[in-house]
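Spelled out, the chains give:
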Amino acid sequence: MPDLEREKSDAAARAVAMVQSGMRVGLGTGSTAAYAVKLLGAKVRAGLAITGVPTSERTRALAEAERIPLSDFTQGVSIDLTIDGADEADRQLRLIKGGGGALLREKVVASVSKRVVIISDSTKVVDRLGRFPLPVEVVRFAWPVVAARLSDLGAKPKLRAAPGDTPFVTDEGHYILDAGFGAIDDPERLSSVIDGIPGVVGHGLFIGLAHALVIGRAGGVDVIER
Ligand code: A5P
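Despite not being glycine, Arg 67 has its phi angle at roughly 65 degrees, a positive value. You can see Arg 67 is positioned in the loop between α3 (57-65) and β3 (79-84). Its relative accessible area of 59% is what places Arg 67 among the exposed residues. For Leu 93, which is not glycine, the phi dihedral falls at a positive 65 degrees. Here Leu 93 shows up in the loop between β4 (88-89) and β5 (95-96).

Contacts to the ligand come from 17 residues, most closely from Ser 31, Thr 32, Asp 87, Glu 106 and Lys 124. At a separation of 3.0 Å, an oxygen atom of the ligand approaches a polar backbone atom of Thr 29. Interatomic distance of 2.8 Å between a backbone N/O atom of Gly 98 and an oxygen atom of the ligand. Starting from 380 Å² of accessible surface for the ligand in isolation, the protein chains cover 90%. Sorting the residues of the shell around the ligand by element identifies α2 (31-45) and α4 (103-111) as the ones contributing at least two each. Partitioning the shell around the ligand into residue classes produces three nonpolar, nine polar and five charged.

Where interface size is given, it is often the accessible area lost as the parts come together that is meant. Split into domains, the chain comes out as domain 1 (4-126 + 207-225) and domain 2 (134-198). Centre-to-centre, using C-alpha coordinates, domain 1 lies 24 Å away from domain 2. Counting residues at the interface gives 13 residues for domain 1, matched by 14 residues for domain 2. Counting each side, the surface lost to burial between domain 1 and domain 2 is near 1,100 Å², with a carbon and sulfur contribution of 58%. Counting across the domain 1 and domain 2 interface gives three salt bridges. Notably, a salt bridge pairs Arg 105 with Glu 172, separated by 2.7 Å at the nearest N-O pair.

The rules we used
- Within each chain, residue numbers correspond to sequence positions counted from 1 in written order.
- Selection of residues for local features in this predicted model requires a pLDDT of at least 70, selection of side-chain atom pairs for listing and counting requires 80 or more, and totals for whole chains, interfaces and linings are taken over all residues.
- Excluding hydrogens and water, the side-chain values take into account all heavy atoms of the structure.
- Starting at the N terminus, helices and strands are each numbered in turn, a helix being any DSSP run of H or I of at least four residues and a strand any DSSP run of E of at least two.
- Throughout, exposure labels follow a simple rule: accessible area from a 1.4 Å probe, protein chains only, divided by the maximum for the residue type, with under 20% read as buried, over 50% as exposed, and the rest as partly exposed.
- What makes a residue near a molecule or strand is one non-hydrogen atom of that residue sitting within 4 Å of it.
- In protein, a polar contact means a hydrogen-donor-capable atom and an acceptor-capable atom, both N or O and within 3.5 Å, with residues adjacent in sequence counting only if both atoms are side-chain atoms; elsewhere, any N or O pair within 3.5 Å suffices.
- Surface accessibility follows the Shrake-Rupley procedure with a 1.4 Å probe radius. Residue values consider only the protein chains on display as shielding.
- Under the scheme applied here, ten amino acids are nonpolar (Ala, Val, Leu, Ile, Met, Phe, Trp, Tyr, Cys and Pro), four are charged (Asp, Glu, Lys and Arg), and all others, including Gly, are polar.
- Segmentation of the chain into domains, including their bounds, is taken from an automatic or database domain assignment.
- Any two residues whose heavy atoms approach within 4.5 Å are treated as being in contact.
- Summed over both partners, the accessible area lost on bringing two parts together, with a 1.4 Å probe, is the buried area.
- The rule for a salt bridge is simple: a side-chain nitrogen of Lys or Arg has to be within 4 Å of a carboxyl oxygen of Asp or Glu.

Here is the structure:
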């Protein structure tokens, strides 16, 4: 059995080693990204001068606890380096993200980042994307409409639930449909088709956004560069 927590923390450490003083750093969301935020916090407390842009309220709380100085897009719209996790990645660095519900802010942050480094354990690298249901963020009013359109595309969409069986609500106040497509033959095409459905505000296919994938494995890390 792989030691997944070790793989995640090793991948995070490799990515954090790329951070230099003076950088504005995008802070990802999820259990793997949390390792990176904690490692960055230790470096900040030891003198590393960075500003973080968190991709979720959860990450904001963690970064504040780590005493990482934070900013947002009112203070500038470019980011030097973003470190984030993923739910699936292929070797062309196409990703499925959003298992943690932060896909919309994550995609905005990635889109303005000079470099996006994705950190992952060894179980998330796949030959074809789609084993992980694709998160699609929708305005609340439209969720049944979008669910029907996703079904027409061959998916089995489910409205994501929060504890207590109420719908999960994102940091931006939207719902998420988890759309199981099975193996996705053409991620680029599916991405643009879903982007065109009225009511969709974002989805978890990240294509052309990641620059490097750092994969933890027993005894080290592998790095795939785009
Ligand atoms: C958050 O919305 C996601 O995009 C995460 O990056 C993803 O769910 C990975 O999370 P873990 O590192 O906890 O697997």
